[in-house]
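# Descriptive structure summary
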Amino acid sequence: MKDKVKRGGAGDQGTSDTLTLTIGKTAAGMKEEENPSFLVKIQGAGVEPFELQVHGFWLVQEAVMAVLGREEVFPRSSLSLALSGMTLDPLTELQSLKNLKPGATLRLMEEPYSPRSARVHLARVLELLRAVGPNDALMEGRSPSLLDSLTHTHSTDSSVQTNGKSLKRSSSNTKTDPANQDGAPPEYLLPGAAERPLLAMLPHNTQPEVPSFLQDLSLSCWNPPPGHRKLQGDFLYITVVTLESRKYDITSCPRGFFLNRSTVEVFDPRPTSSSPVSHCLTDLLSHISPAFKQALATLRARPQLPPVEMMLTPYRTLSWLGPPSASHSHRNPLSRLGLDQHSGAQAPDWNEELQAARDLPQGSQEERLQRDRALLQVNSAFVWAVAQGAETVIDGCVEPISGGPDDPAFLWGGLFLSQGGAGMPLGGERGRRVAQRLELRGVQSYSDLEGVLQGLHTLPTATVDYRGIRLSAQGLAPGLEGPEQDQGPSAPTRGILYGVGAGPQESPHRRCLLELLAQAAKGLSLQRHAVVGPNGHQVPLFTALDAQGLLGADGRFYLLDLFRSLPADANYCPEGGRQREEVEKKEGSWEEGWPEQYQSTSGLPRKFPHGLCRLRPELLQAFIQDKQSQFTRRCKERMEENGGVEECVKAGDHRGTDAVRGACKDVGSVSDIIFEMRFNPSVFSPDVTFPKSDHEAVRLQERLLREAAASIITQQIPAIVEACLQGSEMPLDGATLKQALHQKGINLRYLGQLTKAISQSEHKERLRHIMRLAVGEIVVRSSRRIFNNFLQGVEVSSLCAAVSHFLCCLLVAHYSTAPTGEEPKKRSRRRGRGGGASDSTAWSALSGAELWILIGQDAAETYDITHGLGSTADHLVETYGLQKVSLLREFCLKTGLQLRLREYLFDNRTKAPIGPDDVLNIFPVVKHVTMTTHDASRAFRAAQSSVQKGMMEQAYERLKEAAYLFGRVCDDLNAEACSCLSLMARVAYLQGQPTEARSVQLKAVVISERVLGFDHPNTIQQYALLAVYVFAGGESALAQRCLFRARLLMLTVHGEDHPYTATLDSCLGLVLPSEQAGQFLQNALKINTSFFGPTHVHTALSQHLLSQWMCGVGDYRSAMNHEKEALSAFTSLVCT
């Protein structure tokens, strides 16, 4: 793993963060005798003595890692700990050391270097010299934390004391402050303002610039050391050019580093007479360069950020906006030491690392925490490697190892990367992409199984989209075990124990695998079934017919090809199922399962561009729950028809048994004696033949899948529409709309059905924000598919120009460039490329009108949208109120684009609003398996249950336990940990502890910005909650800045026409001075009335708040009118 990841984790454990320690000490269930923690003193090795918080369950090597992560020690390495003059064994637990007591002194001991540890030390020195700068996160495409720009202390607010971790920073540039000096909001934040400034989205970072340390640091030209010098301990030679423009050659040896006498012309490895041997390279550099010493002191004197702001997030959270000037933000990476990742190192075995982490013991909570943390670290490193591997492969730096030009396969860094040709027969390129995504979903399903089912293993898997190409990345599979000796020469394929291609066989390994698959099928609600194999024999299956089970050379059972693990969506049956349907139509069974007039009202079932439409697991769970309710109701009805429930449930009464059997048949239970709902994943799959004896079972499964698919239209979509009407669901952008739909089990291919349901609703005006999001999501997804194909014919040197051209065609009405036939040819001839320029600039022939025709065709084919999109983005603005900047943000986040931070004017038709210089980068977009934090998630769910029951004290204790467990596993850098901290702050606030709520909420805001995104809708909500807590603590200026920030993000992400804007405006009306609050309160009332009606509780509250404000300004007549309206609304709510 990366040293940076290790350093961050250790540093977090070793840093005395007030909140984390408080939570850790008071966590429920974490008794002191079970989890002892205490302070010890660390000294020696040339560092200033300091105290370190350690835990008794730590190994000595974990304590060493915590020490190495401290700012006082970093970048020193190759250190050990000694107690009472005795060096401690790294694998000894601290609590087993008899002389180690609270307050004891542990001494750092310098250990000799090895060639590998010397390179590790150099990598740590480079990490120090590459200290995090204010624009580094943006340059790397990562979402930054901007809370610091709001919570810094001005000279006028110096008396305000913060709780917990001090948030006092150096004064920031007042030009980037979203509020004016008198606290008034800027004009672009006022209600009705049309301006959407992007420069205010990323204000100036208050973190100081990183000083320069050296002019150059590289490997010497005399590397590698000759044989006779290796025998004398020389590891490698380093050349340094200091800021004083002096050049030195340094030798790395077991004792450390020293200056040698070599020059560019002469090799002389002898040490100079005045050179000491320094165990740490920075000590030697400080000795030879006063400027380096001063820069190092300046770096160490910088205000130290909290660990949650410094540590590398497990996964990259893309920032679609980059620095204003990428060239000026680029710094010397000092990467000429040849220490880059994977260079000269053996490629990691990702599969073995993942399976070894999965196989860790889980007997105690401490073992489960260590296992969860190990799984997260392995998966995080795997995902970062996948992103780097995709860039390397698609950039053309790796030669394919197999496959044709249409489906090459690559091997890089222990990863197998391919485009996945399995999807070609099921819908061409779209089928290929969907197969990769469904494979990942199948891996996730089997990875989530617990208990003995963890004996079923899957390869580490991820999908990555980069420059319009989707790659599937997997760890290398282990070798296959050969067939057992008693199977004879006619044994099936080596190691394949399960699947259609395995053939009939019998062995202990196969029986064990089938038992695991049977248990897994029960957990995943999959029906055991049989299909006719290629040789005419019946093959029993517990999965879809594509899946294969094998025994690896490591003795583990592996499942492959899981892309059809979920049942098919009968609303979009593949072409292969048509013949069977035609037969069933003749038999009168084709309509079985569809509601009456279903096809005429919904237009379903219909053909889809690919044949891999599958139902979501959330839908299956909702469908099973609905069926169980039907089963209970039918049992009760049948029993009441046969003498009553009390009589039928008596022992030995056959009427109760008959009622259960009849209810099972009515609801379609696969068992006739108990309620059991399972689904056949092979039904509706093309080229599948079931045995004739299973005709009735297959017919039942087809009926169930039709009912499940129909429930999306008849139940789930109306449910999400009703939730949006009531305000329980308020998505702000495409990501939150997708999340809300997926929670209901609705696939995004039903976006067209969602827009149809809204259009037919009598409350469609109150659902205009959902319609806006749905139409925007349709346009963005259709344009992304076109963009992927568009990029395939673009040369690398023209990528920026092509991307900017596509964005202009998407956003500017009737955009087209001037004829490009002549001028590019002239330029290309000057560059010596002849007449080939017409091919290289073919992308410039795309016009805005042509692009929108393609978008309309894709939307009609995918979402059944035949009208309403128009021919330009201006139509979306006029019809649905969709903002072009919101459309641009969504498109960039989905394609990995990063644009330069500046203001973009999309209404100027004479000049391209986005130029080639505005496209800073294209980053890989990786989809990966989510690792579950089991104990922490269970504690969080228990806390949520306590909150719902009103048991706040119990909920708060459970939340503290959950927060502690999240910190142990993922260092709090997790979306669920953010939700936990946010709920914890809310409970603390409700208990009358605003100071504690403020402290916890500060951390929740930072986590949301870094893990979800600086402009994610959850970040907007976290800023609003922080404003409430700080306002309760008397910090009205900070509350205003937080609400200004939330409203700015809200306006950019969605716009003003949204119910949540009314919430923000109501809060602003309470915290702003009286003369500025009125327009926000009036706007909140206007928005609430338009979305919820005059009698809703939100509208009534807005009326009441506006009435109180009017009393404050002396307009008592208007105040009385609004208070009457509020009373009328509240009265109607109570009466109903």
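The rules behind these values
- Residues numbered from 1 in each chain as written.
- Predicted model: local features only at pLDDT ≥ 70, side-chain atom pairs only at ≥ 80, totals over all residues.
- Heavy atoms only, no water.
- Helix = DSSP H or I, 4+ residues; strand = E, 2+ residues; numbered from the N terminus.
- Buried < 20%, exposed > 50% of the residue type's maximum accessible area, 1.4 Å probe, protein only.
- Contact = heavy atoms within 4.5 Å.
- Areas by Shrake-Rupley, 256 points an atom, 1.4 Å probe, with all protein chains shown as cover.
- Salt bridge = Lys/Arg side-chain N within 4 Å of Asp/Glu carboxyl O.
- Pairing = 2+ DSSP bridges.
- Expected span 1.5 Å × (residues − 1).
- Core = buried A, V, L, I, M, F, W, Y, C linked by side-chain atoms within 4.5 Å.
- Axes fitted to C-alpha atoms, helices over the stretch in contact; angles between N-to-C directions.
- Patch = residues over 30% accessible without salt bridge, like charges linked within 9 Å, V, L, I, M, F, W, Y side chains within 5 Å.
- Phe/Tyr/Trp six-rings, centres within 6.5 Å; stacked < 30°, edge-to-face > 60°.
- Lys NZ or Arg CZ within 6 Å of the ring centre and 35° of its normal.
- Parallel < 35°, antiparallel > 145°, perpendicular 65-115°, else oblique.
- Left-handed = near helix turned anticlockwise from the far one by under 90°.
- Nonpolar A, V, L, I, M, F, W, Y, C, P; charged D, E, K, R; others polar.
- pLDDT = per-residue confidence, 0-100.
- Polar contact = N/O pair within 3.5 Å; in protein donor to acceptor, adjacent residues only side chain to side chain.

Let's shift gears to the overall build of the chain. Within the chain, the regular secondary structure consists of 40 helices and 23 strands. Buried positions account for 55% of the 1136 residues belonging to the chain. Here the contacts in the chain between residues at least 6 apart in sequence split such that 70% fall between residues at least 24 apart. Accessible area for the chain stands at about 49100 Å²; split by element, carbon and sulfur atoms hold 51% of it.

Once that is clear, we can look at the pattern of salt bridges. In this structure the tally under the stated criterion is 51 salt bridges. Here Glu-140 ties to Arg-142 by a salt bridge, and the two come within 2.8 Å at their closest N and O atoms. On the basis of relative accessibility, which here comes to 12%, the residue Arg-142 falls in the buried class. For Asp-858, the salt bridge identified is with Arg-785, shortest N-O distance 2.9 Å. Taken together, the residues span a long stretch of sequence, with Asp-858 in helix H28 (residues 848-863) and Arg-785 in helix H24 (residues 768-792) at a distance of 73 residues. Here Asp-858 and Arg-785 have matching classes, each one buried. Connected through shared salt-bridge partners, Asp-733, Glu-777, Arg-781, Arg-889, Glu-890, Lys-894 and Asp-1015 make up one network.

It is worth spelling out the side chain of Ser-286 at this point. Looking at the secondary structure, you find Ser-286 in helix H8 (residues 281-288). A residue is classified by how much of its surface remains accessible, and Ser-286, at 17% relative accessible area, is buried. Every residue in contact with Ser-286, bar those within four places of it in the chain, is listed here: Phe-292, Lys-293 and Leu-296.

It is worth spelling out unusual backbone geometry at this point. The omega torsion of the bond from Phe-74 to Pro-75 falls at 10°, within 30 degrees of zero and hence cis. Looking at the element boundaries, Pro-75 is found in the loop between helix H3 (60-68) and strand E3 (79-83). For the peptide bond that leads from Leu-604 to Pro-605, omega is 0°, which places it in the cis range. Position of Pro-605 among the secondary structure elements: in the loop between helix H17 (598-602) and helix H18 (617-641). One non-glycine residue, Gln-597, lies in positive phi territory at about 55°. Positionally, Gln-597 belongs in the loop between helix H16 (578-587) and H17.

Of the pairings in the sheet, the one linking strand E1 (residues 37-44) to strand E2 (residues 47-55) comprises seven bridges and is antiparallel in character. If you follow Lys-41 over to E2, its bridge partner there is Glu-51. Counted along the chain from E1 to the antiparallel partner E2, the turn is two residues long, and its residue Ala-45 has a positive phi close to 60°.

Bringing the pairing of E1 into the picture now. Where E1 meets strand E5 (residues 105-110), three bridges bridge the pair, whose relative direction is parallel. Looking at the pairing, Ile-42 lines up with Leu-106 of E5.

For the rest of this paragraph, the subject is helix H38 (residues 1074-1092). Helix length check: H38 (19 residues) gives 27 Å between terminal C-alpha atoms against 27 Å at 1.5 Å per residue, within 8%. Of the residues making up H38, those classed as buried are Gln-1076, Ala-1077, Gly-1078, Phe-1080, Leu-1081, Asn-1083, Ala-1084, Leu-1085, Ile-1087, Asn-1088, Phe-1091 and Phe-1092. Buried residues along H38 sit in contact with helix H21 (695-726), H24, helix H36 (1036-1053), helix H37 (1059-1071), helix H39 (1097-1113) and helix H40 (1116-1135). Just downstream of H38, Gly-1093 is the residue with a positive phi angle, here 90°.

Leu-751, Leu-754, Leu-888, Ile-1020 and Tyr-1023 are the most contacted members of the largest nonpolar core, which has 234 residues in total. Excluding anything up to four places from it in sequence, Ile-1020 contacts Leu-732, Ala-1046, Leu-1049, Met-1050, Val-1053, Tyr-1060 and Leu-1064. Counting residues in each nonpolar core, the second largest holds 28 residues, with Val-125, Leu-281, Leu-296 and Leu-299 among its members.

The next subject is the sheet that holds strand E4 (residues 86-87). Read from one edge to the other, the open sheet built from five strands follows the order E2-E1-E5-E3-E4, with strand pairing classed as mixed. The open sheet has two edge strands, E2 and E4, and neither has a second partner. Pairing of E3 with E4, which is carried by two bridges, proceeds in the antiparallel orientation. Paired with Leu-83 across the strands is Met-86, a residue of E4. H3 rests against E1, E2, E3 and E5 of the sheet, and its axis sits at about 120° to E3.

Let us now look at a nonpolar patch on the surface. Together, Val-1097, Leu-1101, Phe-1130 and Leu-1133 make up a nonpolar patch on the protein surface, roughly 300 Å² of accessible area in all. When contributions to the nonpolar patch are tallied by element, the ones reaching two or more residues are H39 and H40. In this fold, Val-1097 is placed in helix H39.

Right, let's talk about the packing of aromatic side chains for a bit. Here the structure, examined in full by the defined rule, presents 17 aromatic pairs. A ring pair is formed by Phe-623 and Phe-679, whose centres lie 6.0 Å apart and whose planes are at 50°; its orientation type is tilted. Within this pair, whereas Phe-623 is found in helix H18, its partner Phe-679 is found in the loop between helix H20 (654-667) and H21, the two being separated by 56 residues in sequence. Accessibility classification places Phe-623 together with Phe-679 in one group, the buried group. An aromatic cluster is built from Phe-787, Phe-790, Phe-806 and Phe-891, whose rings are joined through pairwise contacts. The ring of Phe-1091 has Arg-768 sitting right over it, with the charged end atom 4.0 Å from the ring centre.

As a further point, take the sheet that holds strand E14 (residues 461-466). Here we have five strands laid out as an open sheet, ordered E11-E12-E15-E14-E23, and antiparallel in their pairing. Here the strands that pair on one side only, and so sit at the sheet edges, are strand E11 (409-412) and strand E23 (925-928). Across the sheet, the mean angle separating the axes of adjacent strands is 25° when strand polarity is ignored. Taken together, the six bridges between E14 and strand E15 (residues 469-475) define a ladder with antiparallel strand orientation. Across the sheet, the residue bridging to Thr-463 is Ser-472, located in E15.

Structurally, the position occupied by Leu-415 is in strand E12 (residues 415-418). For the pair Leu-415 and Ser-472, spaced 57 residues apart in sequence, the C-alpha to C-alpha distance is 9.8 Å.

Here H18 spans 36 Å end to end across 25 residues, near enough to the 36 Å set by a 1.5 Å rise per residue. Where H18 is concerned, the buried positions are Leu-619, Leu-620, Phe-623, Ile-624, Lys-627, Phe-631, Cys-635 and Met-639. Tucked into the core, H18 has its buried residues touching helix H19 (645-648), H20 and H21. Note on H18: the residue one or two positions beyond its end, Gly-643, has a positive phi of about 105°.

Running from N to C, H38 and H39 cross one another at 160°; their axes reach a closest spacing of 9 Å. By the angle between their directions, the pair H38 and H39 is classed as roughly antiparallel. Of the two elements, H38 crosses H39, and the hand of that crossing is left-handed. The residues of H39 that touch H38, namely those facing Ser-1074, Ala-1077, Gly-1078, Leu-1081, Gln-1082, Ala-1084, Leu-1085, Asn-1088, Thr-1089 and Phe-1092, are His-1098, Thr-1099, Ser-1102, Gln-1103, Leu-1105, Leu-1106, Trp-1109, Met-1110 and Val-1113. By residue class, the composition of the contact of H38 with H39 is ten nonpolar, nine polar and no charged.

Let us look at the packing of helix H35 (residues 1017-1032) against H37. Contact geometry of H35 with H37 gives a least axis separation of 11 Å together with a crossing angle of 20°. With respect to H37, the axis of H35 lies roughly parallel. At the point where H35 passes H37, the crossing takes the left-handed sense. Seen from H35, the contacting residues are Ile-1020, Gln-1021, Ala-1024 and Phe-1031; seen from H37, they are Tyr-1060, Leu-1064, Leu-1070 and Val-1071. By residue class, the composition of the contact of H35 with H37 is seven nonpolar, one polar and no charged.

So, about the confidence of the model for the chain. In this model, the chain carries an average pLDDT of 86, and 86% of its residues clear a pLDDT of 70 or more. Contacts for the low-pLDDT stretch residues 1-34, under 50 throughout, to residues beyond four places or in other chains number 65 contacts.

The next subject is the side chain of Arg-70. With respect to the helices and strands, the residue Arg-70 is situated in the loop between H3 and E3. Of note is the side chain of Arg-70, whose polar atom sits 3.3 Å from the backbone oxygen of Glu-51. There is a polar contact of 2.9 Å between the side chain of Arg-70 and the side chain of Glu-72.

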